[in-house]
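One-letter residues, chain by chain:
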Amino acid sequence: MNTPHKIFSGNALRDKLIESIPSASNLTIISAYITTPAIEWIVEYIKPTCSVTIVGRLLPNDFISGGSDFMAVKLALSKGWDIRWLAPLHAKIYLCDRNRIFVGSANFTTRGLKLSGHGNLEGCIEVAPELENIHFVEKIVREAQPITYDTLEKMERFINESSNNLHFMTKKNTYWPDHIVPRELSIWVYDFPWTNPDTQSDFTDEDIKHDIEILCIPDLSNESAIAASFKETKAFNWLLKKLEESESKELYFGRLTKTLHNELRDDPAPYRRDVKILLSNLLSYCQKYANDSIKIERPRYSQRIKLLMKH
């Protein structure tokens, strides 16, 4: 009978990392937030020849809020480490030499690992370093986009220039502008609305919370804010791209469903019926908040989605 996994705290995770890191040849850290004290802490234990990869969410408002900081990324880059960002990231995973994997709620920050003070109350476990688990971590790394010194400089300049922009500060953009980091259109279930805007009372609080999160707005009561934010979402821009690639600038629901099912990066892939629901929710948002860009008709039995103008 297998011994069940024991849940341990953030400071226990810190101690387990101290056991593993000094001898590690490869280390992968996946954490939504990354701060300088955590980078400085790990530098004390890691050997110079260790190959380090760090994936963070690293979105504009993570830096504005202080969840992550530019100095942490600069320090990591100065060590020659591979630093990447991934917008939908929420996972916290620590992989040492493909033989120890720690998973939990602890971010790679002072509070997450209780590097000083009281810190957060975290819950973590060690999971078996099975090939499937290692591939899961490697898949996250592949999906993430690398950050260079040049990219980081553009990010920092953008935040400094936007700090006095009330519209930017209240809108809380999800992604970096294309001139800083080109829009990466690999698509996930997470990127799509989970509700229909006309029948949101039929959905769970978690579904509504998810849509508020991808729209980056405080609630779903401000119609103009929803319209502006919706056009910035990855799902809407994915749809625009598919329509622009079509010679007739239009696609039918069935074709779009098949395309979306093939392009979703989630593993395991969702069922076709669930993909249809995602697409239906997206089109409902389009009808309500983007009817100046996209026209949706039903000439026969299937919806026809047509691009009206270049976004």
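Our subject is the structure that appears above.
Given the structure is predicted, the values throughout are model-derived calculations rather than measurements.

Quick look at the packing of aromatic side chains
Then comes step 1: Applying the stated criterion across every chain yields a total of 10 aromatic pairs.
Then comes step 2: Residues phenylalanine 230 and phenylalanine 236 carry aromatic rings whose centres are separated by 5.0 Å and whose planes lie at 50° to one another, so their mutual orientation is tilted. No difference in accessibility class separates phenylalanine 230 from phenylalanine 236, as the two residues are buried.
Then comes step 3: Between tyrosine 285 and tyrosine 289, the aromatic rings sit 5.8 Å apart at their centres with planes inclined by 40°, giving tilted as the arrangement.

Some words on the environment of leucine 279
Then comes step 1: Checked against the element boundaries, leucine 279 lands in helix α13 (residues 272-289).
Then comes step 2: The exposure class of leucine 279 is buried, given its relative accessible area of 0%.
Then comes step 3: Note: C-alpha distance between leucine 279 and tryptophan 194 (85 residues apart in sequence) is 9.6 Å.
Then comes step 4: Beyond its immediate stretch of four places on either side in the chain, leucine 279 contacts Phe253, Leu256, Thr257 and Leu260.

What to know about unusual backbone geometry
Then comes step 1: Backbone geometry at aspartate 97 places phi at a positive 55°, although glycine is not the residue there.
Then comes step 2: Within the fold, aspartate 97 resides in the loop between β4 (93-96) and β5 (100-104).
Then comes step 3: Taking the relative accessible area as the measure of exposure, aspartate 97 reaches 26% and is therefore partly exposed.
Then comes step 4: Positive phi outside glycine occurs at arginine 98, with the angle close to 60°.
Then comes step 5: Topologically, arginine 98 is positioned in the loop between β4 and β5.

Let's talk about the packing of helix α11 (residues 234-245) against helix α12 (residues 253-263)
Describing two packed helices takes the angle between their axes plus the distance from one axis to the other.
Then comes step 1: With their axes 12 Å apart at the nearest point, α11 and α12 run at an angle of 120° to one another. In terms of their interaxial angle, α11 and α12 are classed as oblique. Our pair here, α11 against α12, has a crossing hand that is right-handed. Contacts from Trp238, Leu239 and Lys242 in α11 reach Leu256, Thr259, Leu260 and Glu263 in α12.
Then comes step 2: In the contact of α11 with α12, the residues fall into 4 nonpolar, 1 polar and 2 charged.

Conventions and cut-offs
- Residues numbered from 1 in each chain as written.
- Predicted model: local features only at pLDDT ≥ 70, side-chain atom pairs only at ≥ 80, totals over all residues.
- Heavy atoms only, no water.
- Phe/Tyr/Trp six-rings, centres within 6.5 Å; stacked < 30°, edge-to-face > 60°.
- Buried < 20%, exposed > 50% of the residue type's maximum accessible area, 1.4 Å probe, protein only.
- Helix = DSSP H or I, 4+ residues; strand = E, 2+ residues; numbered from the N terminus.
- Contact = heavy atoms within 4.5 Å.
- Axes fitted to C-alpha atoms, helices over the stretch in contact; angles between N-to-C directions.
- Parallel < 35°, antiparallel > 145°, perpendicular 65-115°, else oblique.
- Left-handed = near helix turned anticlockwise from the far one by under 90°.
- Nonpolar A, V, L, I, M, F, W, Y, C, P; charged D, E, K, R; others polar.

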